[in-house]
Amino acid sequence: MSRLLEIHDLRVEIPAPTGAAPILEGVDLALDRGEKLGLVGESGCGKSMTALAVMGLLPGAARATGAIRLDGQDLLATPEREMQAIRGRRIAMVFQEPMTALNPVKTIGAQIAESLILHLRLSKGEAAGRARALLDRVGLPGPRFSLDLYPHQLSGGQRQRVVIAIALACGPDVLIADEPTTALDVTIQAQILDLLEDLVAEMGMALVLITHDLGVVEQTCERMMVMYAGRVVESGRTRDVFAHMAHPYTRGLFAASPRSALLTSARDASGRKRRLAAIPGQVPDPRHRPPGCAFAPRCPRAQDDCRVAPPPLAPLGTPDRADHAAACVHPHPPEAGATAPVAKPEGAR
Amino acid sequence: MPRYFLGRTIALVLTAFAASLVVFVAMAVLPGDPAAIILGTGARPDTLAALRAEMGLDQPVVWRYLDWIGGFLVGDLGTSYTYSVPVADLVAQRAAVSLPLAVLALVLSTLIAIPVGVYAASRRGRAGDLATMGVAQVGVAVPNFWLGLMLVVLFSLTLGWLPASGFPGWEAGLLAGLEALVLPAFALALPQAAILARVTRSSVIETLGEDFIRTARAKGLSGEAALWRHAVPNALIPVVTIMGLQFSFLLAGTIIIENVFTLPGLGRLVFQAIAQRDLVTVQSLVTLLAVSVIVVNFVVDLAYAALDPRLSRGGAR
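Everything numeric in this text was worked out from a predicted model, so none of it was measured.

An account of the domain arrangement of chain B is requested, with residue identities and associated values reported.
Residue and element names in this part refer to chain B. On domain assignment, one finds that chain B holds domain 1 (32-76) and domain 2 (88-312). Measuring from the centre of the C-alpha atoms in domain 1 to the corresponding centre in domain 2 gives 39 Å. Domain 1 puts 6 residues into the contact, and the matching count from domain 2 is 5 residues. Looking at the side of domain 1 that touches domain 2 residue by residue, the class counts come to 3 nonpolar, 2 polar and 1 charged.

The structure is reproduced here in structure tokens:
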């Protein structure tokens, strides 16, 4: 039986005069109904490109190869006209920037109703009724939040609720949320995440949550994938990945996140104040990636054999952690995972 | 909306008064006594004084301004020195040519420019874009009088479809009047359309890069639908500004085309009045044109409000 969404060996490249720049290489992903998958990594690692490839909305020059299957149908081979029937209907997306994601000259009601009219062939009146119900559901109740409001009359968090209502309008099978809370105030972030989680559970959708915040993934997703320089470097059940953190990049990402500071003591053994550990170096330019593991130049564990060929994503073979895989020549051994905090402290959320 | 409207209206009235003051002061400090010009250099001083008194030129400047602007407000624009008819009648006669010409040219220019600009934007960097923008580049560079002459050569002299020049008056019938205005309107519209198409193109291209276009595509809208339903309404806001400027120009800046087609329009009236030192006519006419430009800008402001809810609706949360 085919999975709901399956990406196999996805490669996206942008042709350049100096030779094609590979944005994504060999990305694999599988997702079932009701599942929540976190996609984590720094800016430019290919998270958003993966999402846009699934939507069929890659920038003009980009070329995608491999396969993206939705219930067995290869979306990369699907003509644009059919993709239009899938977008918004079966796969929907929530974007990072609620301030600019809505059309400033159209009412929020019209923007929600648009896909209902397009995909479900509802009349204007029916679509307006449905839009009202959606706004109520995402926490913008009438009559205060009328369908006739314009985006500029709402705050960032309220706008993101409208964007979510648009995405959910036709009851999609897959919802891709690309950094849905990054642009919002911290207090609003949790509300929006809660809302997304509730809606995913209620509607039985699959969720792909793209974020650079490991804490968000830990709270929300059963499975996660860590991406670096266009490749998946570690994947598995969230608790397995957090318990082990086999790839040095995953550890670096964790150490660099403010949440790690919350989870560990603010002062180290000698009583000095801890600083967040930035990962040294930069993400390599897609045109000039090192021949071996792309993380090797920044990696504390790198050895000569890391620089030969990019390591494939391979199962780590840890007992009871079947899905846990990492693309690393010298992964951290499992027992060392004990140094990484595993348990969620009470009230961390 | 009412607040925005009220604010714009107050601005309109104040600007119009300021314009009338500037025009009046400029005319008042101009060297040359209108009475002396009318009577010639050999006039006897007592005749001159009598005429000055009759024209009100012996009155204090402030009184003369109030007298003039008071008349202006009730539609009395003074009496032309050279034609000895009320300036208001002259203006009405000429506006009956200039106003339809300006409207026709603006409509033509808009009907050509917006589809062309949107088309070029949607084909950015491809053959269709390069071809249309190449033509537009030429269109911007071509002087409208030359274009007018070429149109006359083609459509009047060669094909004989339309009159080459003159205006029969609206009494001759709507069709005859329109026929006389078609060629000058095209001659005015095409270079303006070229500019407007370029503005439209760049505005649409900018809008197509906005996040909300991606949102529209993610909903399942085709590229075409996202372009027309989401990009174009946003892209029109700067285009309307240019249209307002162009209409202001068309109202009075058409003197060359009026001469090419020997049309009795406002542009020629201004020119003749200045040449003949018909100061009252110049003063009233220039003020009237200034006011019409201000009114056009007012209409543009209202159009903004209609196009952009951020201006007309408060940001209440």
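Continuing now.
Run through the nonpolar core, naming residues and quoting values.
A:Ala165, A:Leu175, A:Leu207, A:Val208, A:Val233 and B:Leu285 are the most contacted members of the largest nonpolar core, which has 174 residues in total. Contacts of A:Leu175, omitting those with residues within four sequence positions, involve A:Ala92, A:Val94, A:Ala167, A:Val200, A:Met205 and A:Leu207.

Give a detailed account of the sheet that holds strand 3 (residues 36-40) of chain A, specifying residues and quantitative values.
To summarise the sheet geometry, strands pair through backbone hydrogen bonds and adopt either a parallel or an antiparallel arrangement. All names here are of chain A. Taken in spatial order, the 8 strands line up as 6-7-8-3-9-10-12-11 in an open sheet, and their pairing is mixed. Looking along the sheet, the strands with just one partner apiece sit at the ends: strand 6 (91-94) and strand 11 (314-315). Across 4 bridges, the pairing between strand 3 and strand 9 (residues 223-228) is parallel. Residue pairing across strands places Gly-38 opposite Met-224, the latter belonging to strand 9. The strands that helix 5 (residues 156-168) touches are strand 6 and strand 7 (174-178); relative to strand 6, the one it contacts most, it runs at about 175°.

Let's hear about the interface of chain B and chain A: which residues, and what values?
Facing the 22 residues of chain B at the interface are 27 residues of chain A. Secondary-structure elements contributing two or more residues to the side of chain B that touches chain A are helix 9 (211-218), helix 10 (223-252) and helix 14 (309-312) of chain B. If one sorts the elements of the side of chain B that touches chain A by residue count, helix 9 of chain B sits on top with 6 residues.

Requested: an account of the environment of B:Ala172, with residues and values cited.
Residue and element names in this part refer to chain B. Within the secondary structure, Ala-172 sits in the loop between helix 7 (144-158) and helix 8 (174-208). Look at Ala-172 and you get exposed, because 12 C-beta atoms sit within 10 Å. Distance from Ala-172 to Ala-305, taken between C-alpha atoms, is 40 Å for residues 133 residues apart in sequence.

Can you break down the domain arrangement of chain A residue by residue, with the values?
Residues and elements named next belong to chain A. Here the domain parsing of chain A yields domain 1 (5-221) and domain 2 (227-339). Placing a centre on the C-alpha atoms of domain 1 and another on those of domain 2 gives a separation of 28 Å. Taken together, the contacts link 26 residues of domain 1 with 15 residues of domain 2. Among the secondary structure elements, those contributing two or more residues to the side of domain 1 that touches domain 2 are strand 2 (21-31), strand 3 and helix 7 (214-220). Here the side of domain 1 that touches domain 2 takes 8 residues from strand 2, the largest share from any one element. Residue classes in the side of domain 1 that touches domain 2 are distributed as 12 nonpolar, 8 polar and 6 charged.

Tell me about the packing of helix 5 (residues 87-122) of chain B against helix 12 (residues 266-275) of chain B, and name the residues and values.
Residue and element names in this part refer to chain B. Where helix 5 meets helix 12, the closest approach of the two axes is 8 Å, and the angle between their N-to-C directions is 140°. Relative to helix 12, helix 5 is oriented oblique. Contacts from Leu-90, Arg-94, Ala-95 and Ser-98 of helix 5 reach helix 12 at Leu-266, Gly-267 and Leu-269. Here the residues of the contact of helix 5 with helix 12 sort into 4 nonpolar, 2 polar and 1 charged.

Summarise the pairing of strand 1 (residues 5-14) of chain A; cite the residues concerned and give the values.
Residues and elements named next belong to chain A. Pairing analysis gives 7 bridges linking strand 1 to strand 4 (residues 63-70), with the strands arranged antiparallel. Looking at strand 4, one finds that Glu-13 is bridged to Arg-63. A loop of 6 residues connects strand 1 with strand 2, the two strands running antiparallel in sequence, and Gly-19 in this loop sits at a positive phi of about 110°.

Tell me what's going on with the sheet that holds strand 2 of chain A, and back it up with residues and numbers.
Spatial ordering of the open sheet is given by 2-1-4-5 (chain A), a layout of 4 strands whose pairing is antiparallel. Edge positions in the sheet fall to strand 2 and strand 5 (73-74) of chain A, since each of these pairs with one other strand and no more.

Explain helix 5 of chain B to me, using residue names and the numbers behind them.
For helix 5 of chain B, with 36 residues, the first-to-last C-alpha span of 50 Å sits near the 52 Å given by 1.5 Å per residue. The largest bend in helix 5 of chain B is about 40°, located at B:Ala95.

Lay out the pairing of strand 9 of chain A in plain terms, naming residues and giving numbers.
Residue and element names in this part refer to chain A. Summarising burial for strand 9: 6 of the 6 residues are buried, a large majority. The alternating pattern of strand 9 places Arg-223, Met-225 and Met-227 on one face and Met-224, Val-226 and Tyr-228 on the opposite face, and all of these are buried. Alignment of strand 9 against strand 10 (residues 231-237), held across 6 bridges, turns out to be antiparallel. Bridged to Met-224 within strand 10 is Gly-236. Linking strand 9 back to strand 10 in an antiparallel pair, the connection comprises 2 residues, with Ala-229 at a positive phi of about 50°.

Can you tell me about the environment of A:Arg298, naming the residues and giving the values?
All names here are of chain A. For Arg-298, the position within the fold is in the loop between helix 10 (258-263) and strand 11. Classification of Arg-298 as partly exposed rests on a count of 17 C-beta atoms within 10 Å. When the C-alpha atoms of Arg-298 and Pro-248 are compared, they prove to be 9.5 Å apart, with 50 residues separating the residues in sequence. For Arg-298, the contacting residues outside a window of four places in its chain are Ile-279, Pro-280 and Gly-281.

Describe unusual backbone geometry, with residues and values.
Residues and elements named next belong to chain A. A cis amide bond, omega 0°, links Gly-142 with the succeeding residue Pro-143. Mapped onto the elements, Pro-143 comes out in the loop between helix 4 (124-137) and helix 5. Here Asp-71, not a glycine, exhibits a phi torsion of approximately 50°, which is positive. Structurally, Asp-71 can be placed in the loop between strand 4 and strand 5. Phi angles above zero are rare outside glycine, and Met-245 is one such case at about 50°. Examined against the element boundaries, Met-245 turns out to sit in the loop between helix 8 (238-244) and helix 9 (248-256). Since 27 C-beta atoms lie within 10 Å of it, Met-245 is described here as buried.

Quick one: what's the story with the environment of B:Leu311, residue by residue and with numbers?
Residues and elements named next belong to chain B. Turning to its location among the elements, Leu-311 is positioned in helix 14. Since 15 C-beta atoms lie within 10 Å of it, Leu-311 is described here as partly exposed. For the pair Leu-311 and Asp-301, spaced 10 residues apart in the sequence, the C-alpha separation amounts to 9.6 Å. For Leu-311, the contacting residues outside a window of four places in its chain are Tyr-4, Tyr-304 and Ala-305.

Tell me about the packing of helix 5 of chain B against helix 13 (residues 279-307) of chain B, residues and numbers included.
How two helices sit against one another is set out by the angle between their axes and by the gap between those axes. Residue and element names in this part refer to chain B. With their axes 10 Å apart at the nearest point, helix 5 and helix 13 run at an angle of 50° to one another. Here helix 5 lies oblique to helix 13, going by the angle between them. By crossing handedness, the relation of helix 5 to helix 13 is classed as right-handed. Contacts between helix 5 and helix 13 pair Val-87, Leu-90 and Val-91 from the former with Val-280, Thr-281, Ser-284, Leu-285 and Leu-288 from the latter. Tallied by class, the residues present in the contact of helix 5 with helix 13 amount to 6 nonpolar, 2 polar and no charged.

The rules behind these values
As a convention, each chain's residues are numbered from 1 in the sequence order in which they are written. A letter from A marks each chain and a number from 1 marks each ligand, given out in the order of writing. The model is predicted, so local features are restricted to residues of pLDDT at least 70 and side-chain atom pairs to those at 80 or more, both for listing and for counting; the totals for chains, interfaces and linings are taken over all residues. Each domain's limits were defined by an automated method or a database of domain assignments. Here the contact rule is simple: place C-beta atoms from the backbone, and any two residues whose C-beta atoms are within 7 Å are in contact. Any residue that is not Ala, Val, Leu, Ile, Met, Phe, Trp, Tyr, Cys, Pro, Asp, Glu, Lys or Arg is counted as polar, Gly included; the first ten are nonpolar and the last four charged. Note on definitions: a nonpolar core is a set of buried residues drawn from Ala, Val, Leu, Ile, Met, Phe, Trp, Tyr and Cys, linked by C-beta atoms within 7 Å. Exposure in this text rests on C-beta crowding, where 20 or more other C-beta atoms within 10 Å of a residue's own make it buried, 12 or fewer make it exposed, and counts in between make it partly exposed. The C-beta atoms are placed from the backbone. A pair of strands is labelled paired if DSSP reports no fewer than 2 bridges between them. The secondary structure listing takes helices from DSSP runs of H or I that are at least 4 residues long and strands from runs of E that are at least 2 residues long, numbered from the N terminus. Axis definition: a line fit to C-alpha positions, over the contact stretch in the case of helices; interaxial angles, taken between N-to-C directions, run 0 to 180 degrees. Here the word oblique covers every angle except those under 35 degrees (roughly parallel), over 145 (roughly antiparallel) and from 65 to 115 (roughly perpendicular). Expected span, for any helix, means 1.5 Å times one less than how many residues it has. Bend, in this description, refers to the angle at a residue between axes fitted to the seven residues ending there and the seven starting there. Crossings are classed by handedness, with left-handed meaning an anticlockwise turn of the near helix from the far one by less than a right angle and right-handed meaning a clockwise turn.

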